[in-house]
Amino acid sequence: MSALTPQSDMPTPTTDKITQAAMETIYLCKFRVSMDGEWLCLRELDDISLTPDPEPTHEDPNYLMANERMNLMNMAKLSIKGLIESALNLGRTLDSDYAPLQQFFVVMEHCLKHGLKAKKSFLGQNKSFWGPLELVEKLVPEAAEITASVKDLPGLKTPVGRGRAWLRLALMQKKLSEYMKALINRKDLLSEFYEPNALMMEEEGAIIAGLLVGLNVIDANFCMKGEDLDSQVGVIDFSMYLKDGNSTKGNEGDGQITAILDQKNYVEELNRHLSATVNNLQAKVDALEKSNTKLTEELAVANNRIITLQEEMERVKEESSYILESNRKVTKDRTADGHALTEARKQLKEETQLRLDVEKELEVQIGMRQEMELAMKMLEKDVCEKQDALVALRQQLDDLRALKHELSFKLQSSDMGAKQKSELNSRLEEKTNQMAATIKQLEQSEKDLVKQAKTLNSAANKLIQKHH
């Protein structure tokens, strides 16, 4: 930090304006960075004079710390807003090579390092933000998994590298805001690591923790095993936030076109997948119809067998009646041979037992027939439901094709489609989720139908084997 030299005894309008602008400025290297709307402005320290005092003064450390906190908060706002907007325009999962994401982690590292107390060791003084982050697992039990994963990573050798890995895992888990809020709320624990006027101990830290909630809308995926987090240099690239109208508009247009092309390719791939799914479902419905026809034929054979058994039972009843009548005559005729009477009784007993067996088998056949008829009704109902679902899937396929044509039209007029893109994306996601749920239900119904068909086949085979 260099001292500032005054120019005159009385303030002028120009120096008043510069002084007011400098109140929104923080000091980084030999530049001051001030806010201009949603952008940053850089000024060299040697070109700015802030006070009309002719005597050189030493700036108050508390004032400088407050300026640094304000600057880091503004940088965090710009970084988080830029990351969310670029991620939504990109429309895909972010990785470690994405420049706005790298800059976000650099800004967060500067925020966590602000006002850290230096810990003395035999190697010298050391400042690391890994110590405060380790406290999170004591405040939020869910963070214990992240801390354990960071400690188990083989390539991390320094506390700085572990802290960087922890930030990335927390962002992937979409719990970074929750963890930071829990940490900031315990200033009694943070006081061991931070100075009283550090960012994490002041209101700016709570504001940044609240801004981190917006990052829950983006998806990120990092592979930490091959990444060297220990030796990375955390330097903020202000060129990403400096105002450049022409390049900004060109980049936004290119990003929109790229996003629309990605969406178009995604819809085409989804259409191909849905077409294949519809064909598979149609084949399954055809197989179920064939199985239904086969079961109908087996049911007809079983009905014929039941009729035959009923006829046999009637014949056995007639024979039994005849035998009973004969037995009465034999009983009246005392002169008949005793051996013939014994044989007649034995034959009567056998015929009676045969009649009972036939009646039991008839009852079993009638019960199985009723079960088969009920199963046939359920199969017919399931086939109707499958056909209705197939019609609904075809209707959804037509809707997706219409959405594809609509996206193609939006590609030609990309400058008018920012709002419509998000609506189409949400509708497409809802359609996809509905179709995925419908397909799961159909697959479950198909499994149930196959089980029922196997049960009916086995029952029919047992019936056929009994009668043979």
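Residues numbered from 1 in each chain as written. Predicted model: local features only at pLDDT ≥ 70, side-chain atom pairs only at ≥ 80, totals over all residues. Heavy atoms only, no water.

Peer 1: Would you take a moment to explain the overall build of the chain for this structure?
Peer 2: Of the regular secondary structure elements, the chain holds 13 helices and five strands. Relative to its 468 residues, the chain shows a buried fraction of 37%. For the chain, the proportion of contacts with a sequence separation of at least 24, taken over those separated by at least 6, is 76%. Summing over all exposed atoms, the chain offers an accessible surface of approximately 28,100 Å²; the carbon and sulfur share of this is 53%. (Helix = DSSP H or I, 4+ residues; strand = E, 2+ residues; numbered from the N terminus. Buried < 20%, exposed > 50% of the residue type's maximum accessible area, 1.4 Å probe, protein only. Contact = heavy atoms within 4.5 Å. Areas by Shrake-Rupley, 256 points an atom, 1.4 Å probe, with all protein chains shown as cover.)

Peer 1: Help me understand the nonpolar core in this model?
Peer 2: Nonpolar side chains tend to gather and get buried jointly when the protein is soluble and globular. Among the nonpolar cores identified, the biggest contains 61 residues, and Leu94, Leu101, Phe104, Trp166, Tyr194, Met200 and Leu215 are the most heavily contacted of them. Residue assignment for this core shows that the elements contributing at least two residues are helix H2 (61-90), helix H3 (99-113), helix H4 (130-134), helix H6 (144-152), helix H7 (159-173), helix H8 (176-184) and helix H10 (203-211). Counting residues per element, this core draws most heavily on H2, at nine residues. Counting 16 residues, the second-largest nonpolar core is a separate cluster that includes Val267, Leu270, Val278 and Leu400. (Core = buried A, V, L, I, M, F, W, Y, C linked by side-chain atoms within 4.5 Å.)

Peer 1: Would you take a moment to explain empty space enclosed by the protein for this structure?
Peer 2: Summary: where empty space remains is shown by rolling a probe the size of a single water molecule over the atoms. Scanning the entire structure with this criterion turns up five cavities of 30 Å³ or more. Considered as a void within the structure, the largest cavity measures approximately 70 Å³ in volume. Along its surface, the largest cavity is lined by Leu281, Lys284, Val285, Leu288, Lys386, Leu390, Leu442, Glu443 and Glu446. Tallying contributions element by element places helix H11 (residues 245-332) first for the lining of the largest cavity, with four residues. (1 Å grid on protein atoms, 1.4 Å probe; cavity = no way out; pocket = protein on both sides within 12 Å on 5 of 7 lines; lining within 4 Å. Points joined across faces, edges and corners; volume = space filled by probe spheres on them.)

Peer 1: Any chance you could explain the pattern of salt bridges here in plain terms?
Peer 2: Two side chains with opposite charge may pair up if their charged atoms get near one another. According to the stated counting rule, one finds 13 salt bridges in the structure shown. Notably, a salt bridge pairs Glu319 with Arg315, separated by 2.9 Å at the nearest N-O pair. Here the residue Glu319 and the residue Arg315 both occupy positions in helix H11, the gap between them amounting to four residues, near one helical turn. Among the residues examined, Glu319 registers a relative accessible area of 31% and is labelled partly exposed. Since its relative accessible area comes to 44%, Arg315 is described here as partly exposed. In this structure, the salt-bridge partner of Glu373 is Arg369, at a minimum N-O distance of 3.3 Å. One end of the pair, Glu373, and the other, Arg369, are both in helix H12 (residues 338-412), four residues apart, so they sit about a helical turn from each other. (Salt bridge = Lys/Arg side-chain N within 4 Å of Asp/Glu carboxyl O.)

Peer 1: Hey, could you run me through the packing of aromatic side chains in this one?
Peer 2: The description of an aromatic ring pair rests on the distance of the ring centres and on the angle between the ring planes. Considering all chains together, one arrives at three aromatic pairs under this definition. When the ring of Phe105 is compared with that of Phe222, the centres are 5.7 Å apart and the planes differ by 65°; the resulting orientation is edge-to-face. Remark: Phe222 occurs in the loop between H10 and H11 and Phe105 occurs in helix H3; sequence separation between them is 117 residues. For the residue pair Phe105 and Phe222, the accessibility class agrees, reading buried in each case. Where Trp166 meets Tyr179, the ring centres are 5.8 Å apart and the plane angle is 50°; that geometry is what we call tilted. With Trp166 in helix H7 and Tyr179 in helix H8, this pair connects stretches of sequence that are 13 residues apart. Among the residues examined, Tyr179 registers a relative accessible area of 0% and is labelled buried. Through pairs of rings, three or more aromatic residues link up here, namely Phe104, Phe105 and Phe222. When the ring centre of Phe105 is taken as reference, the NZ or CZ atom of Arg168 above it lies at 4.3 Å. (Phe/Tyr/Trp six-rings, centres within 6.5 Å; stacked < 30°, edge-to-face > 60°. Lys NZ or Arg CZ within 6 Å of the ring centre and 35° of its normal.)

Peer 1: How should I be thinking about the side chain of Glu446 in this particular structure?
Peer 2: Relative to the assigned elements, Glu446 resides in helix H13 (residues 418-467). Given a relative accessible area of 18%, Glu446 falls into the buried group.

Peer 1: Just to check I follow, could you spell out the packing of H2 against H3 for this structure?
Peer 2: Helix-helix packing is described using two parameters, namely the angle between the two axes and the distance between the axes. Close contact between H2 and H3 brings their axes to 9 Å; oriented N to C, the two are set at 155°. For the element pair H2 / H3, the angle class is roughly antiparallel. Here H2 runs over H3; the crossing is left-handed. Facing Leu72, Met75, Ala76, Ser79, Ile80, Leu83 and Ser86 of H2, the residues of H3 in contact are Pro100, Leu101, Gln103, Phe104, Val107, His110 and Cys111. (Axes fitted to C-alpha atoms, helices over the stretch in contact; angles between N-to-C directions. Parallel < 35°, antiparallel > 145°, perpendicular 65-115°, else oblique. Left-handed = near helix turned anticlockwise from the far one by under 90°.)

Peer 1: I'm lost on the confidence of the model for the chain in this one. Help?
Peer 2: Caution is warranted with low-pLDDT regions, since their predicted coordinates should not be read in detail. Scored by pLDDT, the chain has a mean of 78; 78% of the residues are at 70 or more. Within the chain, strand E1 (residues 25-28) has the poorest average pLDDT of any element, 38, and H8 the best, 91. Low pLDDT, under 50, characterises residues 1-58; the stretch is placed with 100 contacts to residues that sit more than four places away or in other chains. (pLDDT = per-residue confidence, 0-100.)

Peer 1: Honestly, the environment of Lys77 in this entry has me stumped. Any pointers?
Peer 2: Within the secondary structure layout, Lys77 lies in helix H2. The partly exposed category is assigned to Lys77, whose relative accessible area is 37%. Along the chain, Lys77 and Leu212 lie 135 residues apart, while their C-alpha atoms are 9.2 Å from each other.

Peer 1: In this structure, what is going on with unusual backbone geometry? I would like to understand it.
Peer 2: Phi is mostly negative for residues that are not glycine, and the peptide bonds are mostly trans. A positive phi is found at Lys174, a non-glycine position, where the angle reads about 60°. Assignment of secondary structure puts Lys174 in the loop between H7 and H8. Lys174 gets classed as partly exposed once you look at its relative accessible area, which sits at 32%.

Peer 1: I keep staring at the side chain of Glu298 and nothing clicks. Help me out?
Peer 2: Summarising the element assignment, Glu298 is placed in helix H11. Look at Glu298: it is buried, it has no salt bridge, and the nearest opposite charge is Lys294 at 4.7 Å. In this view, Glu298 contacts Met372, Asn457 and Ala460; residues no more than four positions away in its chain are not counted. (Lys, Arg positive; Asp, Glu negative; His and termini not counted.)

Peer 1: Would you mind showing me how to read the environment of Phe104 here?
Peer 2: Its place among the elements puts Phe104 in helix H3. Residue Phe104 is classed as buried on the basis of its relative accessible area of 1%. With 24 residues separating them in the primary sequence, Phe104 and Ile80 have C-alpha atoms 6.7 Å apart. Among all residues touching Phe104, those that are not within four sequence positions of it are Ser79, Ile80, Leu83, Leu171, Leu176, Leu212 and Leu215.

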